[in-house]
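# Summary of the model geometry
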Amino acid sequence: MVEGAPLAISLGDPAGVGPELIAAAWAARDSQELMPFVVTGGPDVLRAAAARRGLNVPVRQVFHPNEAADCFAFALPVLDGADGEYTPGEPSRAGAELALASLHEATGLAQAGEVSGIVTAPVSKARLAEVGFDHPGQTEFVAYACGYAPGDAVMMLAGPNLRAVPITVHIALSEVPHQLTSALIERKARITAMALARDFGIERPRIAIAGLNPHAGEEGRMGDEEARIIAPAIELLRAEGLDVTGPFPPDAMFTARARATYDVALCMYHDQALIPLKALDFDQGVNVTLGLPIIRTSPDHGTAFGIAGTGQADPGAMIAAIRMAGDCAMRRAGLFDD
């Protein structure tokens, strides 16, 4: 990573809220103290999205990320390359191709060390599948691009009030008990602990682990996964010196009092982690990928086709994702004073 390199932001689906939120984030760059960033493609899309939102956002096409810092104060830098039409609320194959090209370019720049990290705007997984995208989501794509197995990249959702990691992610709920193993919990807990120390400045993170079943199984009356899978993993992680507690009844571990006792919650499945995060921090929630050689964050919401172009979308999560990526990059570079 080149010291002082900007972040790269992928455009997301041009029919969604991503382009207008990128423009809104640039417009708030000074008040939010955001580090310079460059968007990978879509200059015409960004101009149109900003205008639709009533924002004065000059777009400057650049040919290399290192040009971003020179113009960031007065224009939104966008790398010369792929572009398309701004069609809010009307997703298309061409839009999906543009979103995928932008994601590829941002990821490649991060791997090459030309940018400090990437922020990925929301995409439609269904639309991407139509143009050959065969990953469950952007998290898995970025892991694959870095040469990592999907299980070695951990998705953490983070906001002002909660950090949560789903142990199993994009699978059917009926598959969770079959895919949940002690080894999987152990691996994701280790990756989470190392990443929180390296990228978030939490030297010895407190990790709370949720149960799978109601009342954490209630001593086997409502399932035995807690005793058979989760508790042995916790015991081993403690023996390794990690500060791990649980398994806790999931319905009680997200109260304000409970959240004060841990730095991150490890949850057994997707919605167990995302429901409390979105309930508490929807407009500031960030999806951050842990355990990779590159930094990647994303606003923790979707394309919101239904409100794209209406000005209703809140830029808070995009701004939070940019800020978090910048903070993580500065910590890796040894420039962040915790």
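You'll find the structure just up there.
Residues numbered from 1 in each chain as written. Predicted model: local features only at pLDDT ≥ 70, side-chain atom pairs only at ≥ 80, totals over all residues. Heavy atoms only, no water.

### What about the overall build of the chain?
A count of helical and extended segments in the chain gives twelve helices and twelve strands. The C-alpha radius of gyration computed for the chain amounts to 20 Å, which stays within 12% of the reference 20 Å derived for 338 residues, consistent with globular compactness. In the chain, buried positions account for 54% of the 338 residues. Of the contacts made within the chain by residues no fewer than 6 positions apart, 76% connect residues no fewer than 24 positions apart. Approximately 13,900 Å² of the chain is accessible, and the part contributed by carbon and sulfur atoms is 50%. Distance between charge centres in the chain, computed from 25 positive and 41 negative side chains, equals 3 Å. (Helix = DSSP H or I, 4+ residues; strand = E, 2+ residues; numbered from the N terminus. Rg over C-alpha atoms; globule rule 2.2 N^0.38 Å. Buried < 20%, exposed > 50% of the residue type's maximum accessible area, 1.4 Å probe, protein only. Contact = heavy atoms within 4.5 Å. Areas by Shrake-Rupley, 256 points an atom, 1.4 Å probe, with all protein chains shown as cover. Lys, Arg positive; Asp, Glu negative; His and termini not counted. Charge placed at Lys NZ, Arg CZ, Asp CG, Glu CD.)

### Topic: the pattern of salt bridges
For the coordinates displayed, the defined rule picks out twelve salt bridges. Residue Arg-93 is joined to Glu-97 by a salt bridge in which the shortest nitrogen-to-oxygen separation is 3.6 Å. Of this pair, Arg-93 and Glu-97 both sit in helix α4 (residues 93-111), separated by four residues, roughly a single helical turn. Residue Glu-97 is classed as partly exposed on the basis of its relative accessible area, which comes to 40%. Two residues, Asp-199 and Arg-198, come together in a salt bridge whose shortest N-O distance is 3.4 Å. Residue Arg-198 is classed as partly exposed on the basis of its relative accessible area, which comes to 40%. Connected through salt bridges with shared partners, the residues Glu-186, Arg-190 and Glu-240 form a single ionic network. (Salt bridge = Lys/Arg side-chain N within 4 Å of Asp/Glu carboxyl O.)

### A short note on the packing of aromatic side chains
Scanning all chains against the criterion turns up two aromatic pairs. Plain terms: the ring middles of Phe-37 and Phe-72 are 4.9 Å apart, the flat faces sit at 75° to each other, and that makes the pair edge-to-face. With Phe-37 in strand β2 (residues 37-40) and Phe-72 in the loop between α3 (68-71) and β4 (76-79), this residue pair connects regions lying 35 residues apart in the sequence. Accessibility assignment for this pair places Phe-37 and Phe-72 in one class, buried. Between the aromatic rings of Phe-133 and Phe-141, the centroid separation amounts to 5.8 Å while the plane-to-plane angle is 40°, which identifies the pairing as tilted. Here the basic side chain of Arg-29 rests over the ring of Trp-26, its NZ or CZ set 3.7 Å away from the ring centre. (Phe/Tyr/Trp six-rings, centres within 6.5 Å; stacked < 30°, edge-to-face > 60°. Lys NZ or Arg CZ within 6 Å of the ring centre and 35° of its normal.)

### With respect to helix α11 (residues 270-281)
If you check α11, its first and last C-alpha atoms are 16 Å apart, about what twelve residues at 1.5 Å a residue would give, namely 16 Å. For α11, the complete set of buried residues consists of Gln-272, Ala-273, Leu-274, Pro-276, Leu-277 and Asp-281. (Expected span 1.5 Å × (residues − 1).)

### Section: the nonpolar core
One finds Phe-37 and Ile-209 to be the most contacted residues of the largest nonpolar core, which totals 69 residues. At nine residues, the largest contribution of residues to this core is made by helix α12 (residues 316-332). Filtering out sequence-adjacent residues up to four positions away, Ile-209 remains in contact with Ile-185, Ile-230, Ile-234, Leu-237, Val-244, Thr-245, Gly-246, Pro-247, Phe-248, Met-253, Leu-266 and Met-268. One finds Val-62, Leu-128, Val-131 and Phe-133 within the second-largest nonpolar core, a separate group that totals 26 residues. (Core = buried A, V, L, I, M, F, W, Y, C linked by side-chain atoms within 4.5 Å.)

### Focus: helix α8 (residues 182-200)
End to end, α8 covers 26 Å across 19 residues, agreeing with the expected 27 Å (1.5 Å per residue, within 8%). Note on α8: the residue one or two positions beyond its end, Gly-201, has a positive phi of about 70°.

### Let's talk about the environment of Asp-224
Checked against the element boundaries, Asp-224 lands in the loop between β8 (206-210) and α9 (225-239). Taking the C-alpha atoms as reference points, Asp-224 and Phe-37, separated by 187 residues in sequence, lie 48 Å from one another.

### Describing unusual backbone geometry
In this chain, Gly-246 is followed by Pro-247 through a cis amide linkage whose omega measures -5°. Topologically, Pro-247 is positioned in strand β9 (residues 243-248).

### Focus: the state of the cysteines
Evaluated as defined, the whole model comprises zero disulfides. Take Cys-146: it sits in no disulfide, and the sulfur closest to it among the cysteines is that of Cys-328, at 15 Å. (Disulfide = S-S within 2.5 Å.)

### Focus: the environment of Leu-173
Here Leu-173 is to be found in the loop between β7 (163-166) and α7 (176-179). Of the residues examined, Leu-173 reaches a relative accessible area of 58% and is grouped as exposed. Taking the C-alpha atoms as reference points, Leu-173 and Ile-275, separated by 102 residues in sequence, lie 14 Å from one another.

### Some points on the pairing of strand β10 (residues 264-267)
Where burial is concerned, the two faces of β10 agree: the one with Val-264 and Leu-266 and the one with Ala-265 and Cys-267 are both buried. Where β7 meets β10, three bridges bridge the pair, whose relative direction is parallel. Bridge pairing in β10 links Val-165 to Leu-266. Bridging between β8 and β10 involves three bridges; their strand directions are parallel. Its bridge partner lying in β10, Ile-207 is registered against Val-264. (Pairing = 2+ DSSP bridges.)

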